[in-house]
Amino acid sequence: MERTFIAIKPDGVQRGLISEIIARFERKGFKLVAIKLVNPTKSFAQKHYHDLKERPFFDGLCDFLSSGPVLAMVWEGEGVIKYGRKLIGATDPQKSEPGTIRGDLAVVVGRNIIHGSDGPETAKDEINLWFKPEELTSYTSNQEKWVYGVN
Ligand code: GTP
Ligand code: MG
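No experiment lies behind these values; they were computed from the predicted model shown.

This part is about the overall build of the protein. A tally of helices and strands in the protein yields eight helices and four strands. Secondary structure of the protein in N-to-C order comes out as β-α-α-β-α-α-β-α-α-β-α-α. For the protein, the C-alpha radius of gyration of 15 Å lies close to 15 Å, the compact-globule estimate for 151 residues. Its C-alpha atoms give the protein principal-axis dimensions of about 50 × 35 × 25 Å. Every one of the 151 residues in the protein was classed for burial, and the buried ones make up 44%. Here the contacts in the protein between residues at least 6 apart in sequence split such that 78% fall between residues at least 24 apart. When the accessible surface of the protein is summed, it comes to about 8,600 Å², and 52% of that surface belongs to carbon and sulfur atoms. If you average the places of the 21 positive and of the 20 negative side-chain charges in the protein, the two averages end up 2 Å apart.

How each quantity is defined
- Residues numbered from 1 in each chain as written.
- Chains lettered and ligands numbered in written order.
- Predicted model: local features only at pLDDT ≥ 70, side-chain atom pairs only at ≥ 80, totals over all residues.
- Heavy atoms only, no water.
- Helix = DSSP H or I, 4+ residues; strand = E, 2+ residues; numbered from the N terminus.
- Rg over C-alpha atoms; globule rule 2.2 N^0.38 Å.
- Buried < 20%, exposed > 50% of the residue type's maximum accessible area, 1.4 Å probe, protein only.
- Contact = heavy atoms within 4.5 Å.
- Areas by Shrake-Rupley, 256 points an atom, 1.4 Å probe, with all protein chains shown as cover.
- Lys, Arg positive; Asp, Glu negative; His and termini not counted.
- Charge placed at Lys NZ, Arg CZ, Asp CG, Glu CD.

Shown next as structure tokens:
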């Protein structure tokens, strides 16, 4: 089953939004398979955002990501990579739709509270960067037959 890397950034953690954000993924029907609170170093943040290293905001972004605890998670479900991004909303909260996490809970692009992998390759790389294989669980949840049906 498809998996994606989702992280609540330091602003989301500091603002007490962990439970609100997790609830949205849970209620949708996605399954949490890994979770931990981490303090990334700046060089780790640079690795995570390596695709953006030429952008003018890269240094500030990496300082920010490494400024406090980040809640790192892996979520599993059919279409979770793409739909996870839909739940999160557009990068700039001024352009995110109401009803999305960033639309409802954030105001500016530099403090948009959550990260989600943007495709299957990135999801794989980010899960491997943030988690050791033994930190990833695999289990059947009781609600699966109700979320997906039996056949
Ligand atoms: P992530 O899920 O965090 O990767 O966001 P995204 O995929 O929606 O956007 P992208 O990967 O392009 O940018 C990564 C992060 O850089 C964003 O979440 C923002 O926090 C930040 N960012 C992107 N564009 C800008 C910008 O124009 N200015 C500033 N200050 N930050 C930006
Ligand atoms: Mg991105």
